[in-house]
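# Chain and residue survey
Chain residues, written in single-letter form:
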Amino acid sequence: MNPNLNSEIIAVIAITNDDIISQFNEGAETLLGYSASEMIGLKKTVSFFLTEEFENFKNDIRSRYKEENLDLSPYKILAQHNGNDSREWTVVKKDGTTFIAHSTLTPLKNKNDEDNGYIRILRNITNQKK
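The following paragraphs examine the structure supplied in this document. Because the structure is a prediction, the values reported are computed rather than measured.

## Some points on the sheet that holds strand 1 (residues 10-15)
In spatial order, the strands read 2-1-5-4-3; together these five strands make up an open sheet with antiparallel pairing. Looking at the sheet topology across the chains shown, the edges are occupied by strand 2 (21-24) and strand 3 (85-92). Ignoring which end each strand starts from, the neighbouring axes of this sheet average 25° apart. Strand direction decides the pairing type here: strand 3 and strand 4 (residues 98-109), joined by eight bridges, are antiparallel. From the neighbouring strand, V92 faces strand 4, where its bridge partner is T98. Helix 3 (residues 51-64) rests against strand 3 and strand 4 of the sheet, and its axis sits at about 165° to strand 3.

About the criteria used
Residues numbered from 1 in each chain as written. Predicted model: local features only at pLDDT ≥ 70, side-chain atom pairs only at ≥ 80, totals over all residues. Heavy atoms only, no water. Pairing = 2+ DSSP bridges. Helix = DSSP H or I, 4+ residues; strand = E, 2+ residues; numbered from the N terminus. Axes fitted to C-alpha atoms, helices over the stretch in contact; angles between N-to-C directions. Contact = heavy atoms within 4.5 Å.

Shown next as structure tokens:
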């Protein structure tokens, strides 16, 4: 079995408040095809997603929290409301192929309850969708 189709592989990606990838686990390497050393320190998470789906995500978050500031990042909106987001995404791998993932996005807070970025967990659900 191709490990990229294994629905038990979990990608965990931590992103700072500046949208910089700070952690990229082995599951992320397997599912996305990038090495951690290629990704940590980069502002690249949006490139994993189709532009249309990312725009839908931004609009959904703004609508959910009645946010009118179009310049405010959807991640910052979630953090302000201590919210999270779970949805399906089409994920684009390094080689250009895609898979369907269930994504959970949760803001990270430090011990003083201040925003400290967010964590995204991705699980390949392509086989389940078929």
